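# Coordinates in review
The residues making up each chain are set out below.
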Amino acid sequence: MKKYILLILFAVALTACSNEKDGADANGNFEAQEIIISSEIAGKIIEMDAEEGTTLKSGDLIAVIDSSGFELSIAQADAQKRAIQTKLPSVFAQINVLEEQNQTLVIEKNRTLQMLKGKAATQQMLDNIEGKIKVNDAQIKQVKTQNASVMSEVAVLNTQIDQLRDKINRCK
């Protein structure tokens, strides 16, 4: 029995030392470095120019993401901006009317002052005119505040449009 075991061991040793070059010299695992590339903007890819194994440099354009939603949002913001800007002429017209009324009231006040000196008018008449001037001044301030509000709304929409354009640029 010992002879059979020694014979088997000897046969295995001879076959392991053969000069055949056709077999594998080594066994092992090959690993590749895998890099995940992501976009700054989520969306549907509508164009892809890179394939697996392509060597890329920083800044290379490899895909384009659908930006039609952002473009529609810009169109909507532009429409809102135009709608708001249509209020501006009305605001300026209101200011002009109130300033004209104020000029008329100042003339009437000066006339009433002259009449008061000649005892042809009463203090109540002068007080009424001065009250109207104060109310008119307050209305002018209020309308100018409306104008500032309208301009702020336009500024907000301009900022939103700029942000949307930035997102469109990042879709590439």
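This text gives an overview of the structure that appears in the document. Keep in mind that what you see is a predicted model, and the values were worked out from it rather than measured.

### What about the overall build of the chain?
Within the chain one finds four helices and two strands. For the chain, the N- to C-terminal ordering of α and β elements is α-β-β-α-α-α. Counting only contacts in the chain whose residues sit at least 6 apart along the sequence, the fraction spanning at least 24 positions is 66%. Total accessible area computed for the chain in this model is approximately 14,100 Å², and 55% of it derives from carbon and sulfur atoms.

### Quick notes on the pattern of salt bridges
Enumeration according to the criterion identifies three salt bridges in this entry. For Arg 170, the salt bridge is made with Glu 40, and the minimal N-O distance between the two is 3.4 Å. Highlighted residues: Arg 170 in the segment after helix H4 (123–169) and Glu 40 in the loop between helix H1 (2–16) and strand E1 (45–48), separated in sequence by 130 residues. Classification of Arg 170 by relative accessible area gives partly exposed; the value is 29%.

### Here's the deal with a nonpolar patch on the surface
On the surface, Ile 35, Ile 37 and Leu 56 cluster together to form a nonpolar patch covering roughly 300 Å² of accessible area. With respect to the element layout, Leu 56 can be found in the loop between E1 and strand E2 (63–65). A residue is classified by how much of its surface remains accessible, and Leu 56, at 34% relative accessible area, is partly exposed.

### Section: the packing of helix H2 (residues 68–85) against H4
To characterise two packed helices, one gives the angle between the axes of the helices and the distance between these axes. Relative to each other, H2 and H4 sit at 165°, their axes nearing to 9 Å. Considering the angle they form, H2 stands roughly antiparallel to H4. Considering the relative orientation of H2 and H4, their crossing is left-handed. Between H2, through Phe 70, Glu 71, Ser 73, Ile 74, Ala 77, Asp 78, Gln 80, Lys 81, Ile 84 and Gln 85, and H4, the contact on the second element is made entirely by Val 150, Glu 153, Val 154, Leu 157, Asn 158, Ile 161, Leu 164, Arg 165, Lys 167 and Ile 168. The class makeup of the residues in the contact of H2 with H4 is ten nonpolar, four polar and six charged.

### Regarding the packing of H2 against helix H3 (residues 87–117)
One can describe the packing of H2 onto H3 by two numbers: an axis separation of 4 Å at closest approach and a directional angle of 15°. Put simply, H2 runs roughly parallel to H3. Across the interface between the two elements, Ala 83, Ile 84 and Gln 85 from H2 touch Lys 87, Leu 88 and Pro 89 from H3.

The rules behind the values
- Residues numbered from 1 in each chain as written.
- Predicted model: local features only at pLDDT ≥ 70, side-chain atom pairs only at ≥ 80, totals over all residues.
- Heavy atoms only, no water.
- Helix = DSSP H or I, 4+ residues; strand = E, 2+ residues; numbered from the N terminus.
- Contact = heavy atoms within 4.5 Å.
- Areas by Shrake-Rupley, 256 points an atom, 1.4 Å probe, with all protein chains shown as cover.
- Salt bridge = Lys/Arg side-chain N within 4 Å of Asp/Glu carboxyl O.
- Buried < 20%, exposed > 50% of the residue type's maximum accessible area, 1.4 Å probe, protein only.
- Patch = residues over 30% accessible without salt bridge, like charges linked within 9 Å, V, L, I, M, F, W, Y side chains within 5 Å.
- Axes fitted to C-alpha atoms, helices over the stretch in contact; angles between N-to-C directions.
- Parallel < 35°, antiparallel > 145°, perpendicular 65-115°, else oblique.
- Left-handed = near helix turned anticlockwise from the far one by under 90°.
- Nonpolar A, V, L, I, M, F, W, Y, C, P; charged D, E, K, R; others polar.

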